[in-house]
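# Geometric and topological summary
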Amino acid sequence: MARIAYDNDDAAAFAATRHLGDEALTSWRAAIARHLAPRPGIRLLDLGSGTGTWIRAFTDWYEDIDVVAVEPSAAMRARSLHPHVLAGDAAHIPIDDDSVDAVWLSTVIHHVPDLPAAAWEIRRVLRPDAPVLIRSAFARRHERITLFRYFPEAVRVLDTFPAVADVAAAFAAAGFTVAGLESVPQLTAASLREAAAALRREAHTPLQLITDEEYAAGLARLRAAAETVPGHVVDALDLLAFR
């Protein structure tokens, strides 16, 4: 499923640095609520659940929610905040037909090698008229992500990710329609200095897939800017919704 292996080092870096704080989660809660109404007993599939940040968020936000977590990486599953994570991927979801009220994918879609197969598999497990919510950085939509300002070589990698149109076409073939696309701002770090200190290459697919020389040059740019650039680091990822 993944462009990178997500071994123990990758999973440890992800767990240490990629969990969002409460303020960042607030903006995502509002965006998600535009597509997923809170109601007791809702059953949500977190597909590619990683180390469990979003599982914890959804259980905080929604009363009596049942989150089904599916993650292909054994190292990620071992570090999950959720006690019961199923092994599986977007083409092989180990749950019954018509069994969930929503599907959530966060920074996962670029790891899916066969988008049409994934769309049909999601259609299989999803109840009628239920939403699919995809949080991602999509190809050619990097302008509001700080990382790419200092690592411009990584844009080359991002532009190999699916574009919004690619994902929309794959899901349309499985009977879905686009319900919304919005850029959601999030507080990534209190300062650029904090962001630079916390950065782990292993936690970011685009940084893993540039050369060592390109990474070193970008890291030097980031550290130099961290000495002078004031203010919070606010990034924006996209929320693409289907029904």
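As a starting point, this report considers the structure included with it. (Residues numbered from 1 in each chain as written. Predicted model: local features only at pLDDT ≥ 70, side-chain atom pairs only at ≥ 80, totals over all residues. Heavy atoms only, no water.)

### Section: the overall build of the protein
So the rule is basically this: By definition, any uninterrupted DSSP run of H or I lasting at least four residues is a helix, any uninterrupted run of E lasting at least two residues is a strand, and each is numbered from the N terminus. The size measure is the radius of gyration over C-alpha atoms, and the globule rule it meets is 2.2 Å times the number of residues to the 0.38 power. Each accessible area value is a Shrake-Rupley result obtained with a 1.4 Å probe; residue values ignore everything except the protein chains displayed when judging cover. All tallies of charge rest on Lys and Arg as positive and Asp and Glu as negative; His and the ends of each chain are not included. Taken as the charge location is NZ of Lys, CZ of Arg, CG of Asp or CD of Glu.
The secondary structure content of the protein amounts to 11 helices and seven strands. The C-alpha atoms of the protein give 17 Å as radius of gyration, which agrees with the globular expectation for 243 residues (18 Å, within 12%). Across its three principal directions, the C-alpha atoms of the protein cover 50 × 35 × 35 Å. As presented, the protein carries roughly 10700 Å² of accessible surface, and 52% of it is formed by carbon and sulfur atoms. Between the averaged position of the 24 positive side-chain charges in the protein and that of its 32 negative side-chain charges there is a distance of 3 Å.

### Thoughts on the packing of helix α5 (residues 115-125) against helix α8 (residues 164-173)
Rules: Working convention: axes come from line fits to C-alpha atoms, limited for helices to the stretch in contact. Angles between N-to-C directions cover 0 to 180 degrees. If an angle is under 35 degrees, it is roughly parallel; if it is over 145, roughly antiparallel; if it lies from 65 to 115, roughly perpendicular; otherwise it is oblique. Each crossing gets its handedness from the near helix: less than a right angle anticlockwise from the far helix is left-handed, clockwise is right-handed. What makes two residues a contact is simply this: any of their non-hydrogen atoms within 4.5 Å. Note on residue categories: nonpolar means Ala, Val, Leu, Ile, Met, Phe, Trp, Tyr, Cys or Pro, charged means Asp, Glu, Lys or Arg, and polar means any other residue, Gly included.
Viewed as axis vectors pointing N to C, α5 and α8 meet at an angle of 50 degrees, and their least axial separation amounts to 8 Å. Between α5 and α8, the angle is such that the two are oblique. Viewed along their axes, α5 and α8 form a crossing whose handedness is right-handed. Contacts between α5 and α8 pair Leu 115, Pro 116, Ala 119, Trp 120 and Ile 122 from the former with Asp 166, Val 167, Ala 170, Phe 171 and Ala 173 from the latter. By residue class, the composition of the contact of α5 with α8 is nine nonpolar, no polar and one charged.

### A few points about the packing of aromatic side chains
Stated precisely, the cut-off is as follows: Any pair of Phe, Tyr and Trp rings, taking the six-membered ring for Trp, is counted once the centres come within 6.5 Å. Such a pair is stacked with planes under 30 degrees apart, edge-to-face with planes over 60 apart, and tilted for the rest. Both a distance and an angle decide whether a charge sits over a ring: NZ of Lys or CZ of Arg must be within 6 Å of the ring centre and within 35 degrees of the ring normal.
Per the stated rule, a full pass over the model turns up 11 aromatic pairs. Put simply, the rings of Trp 28, Trp 54, Phe 58, Trp 61, Tyr 62 and Trp 104 pair up and form one aromatic cluster. Here the basic side chain of Arg 123 rests over the ring of Phe 176, its NZ or CZ set 3.8 Å away from the ring centre. Over the face of the ring belonging to Trp 28 we find Arg 135, whose NZ or CZ atom lies 4.9 Å from the ring centre.

### Quick word on the layout of surface pockets
Keep this limit in mind: Any residue with an atom within 4 Å of a point lines the site, the site being either a cavity, points on a 1 Å grid over the protein atoms alone where a 1.4 Å probe fits but cannot get out, or a pocket, an open set with protein on both sides within 12 Å along at least 5 of 7 lines. Grid points are joined across faces, edges and corners, and a volume is the space filled by probe spheres set on the points.
By volume, the second largest pocket is sized at about 160 Å³. At the level of secondary structure, the elements contributing two or more residues to the lining of the second largest pocket comprise α2 (22-33) and α3 (53-61). Of the residues forming the lining of the second largest pocket, the biggest block, five residues, is contributed by α3. Grouping the constituent residues of the lining of the second largest pocket by class yields four nonpolar, two polar and four charged.

### What about the nonpolar core?
This is how it is decided: Take the buried residues of types Ala, Val, Leu, Ile, Met, Phe, Trp, Tyr and Cys, join any two whose side-chain atoms come within 4.5 Å, and each joined set is a nonpolar core. Exposure classes here rest on a 1.4 Å probe applied to the protein chains alone. A residue is buried below 20% of its type maximum, exposed above 50%, and partly exposed in between.
Core analysis: the biggest nonpolar cluster contains 49 residues, and Trp 28, Ile 32, Leu 36, Trp 54, Phe 58, Trp 104 and Phe 151 have the highest contact counts within it. Grouped together as the second largest cluster of nonpolar side chains are 31 residues, Leu 45, Ala 90, Ile 93 and Val 100 included.

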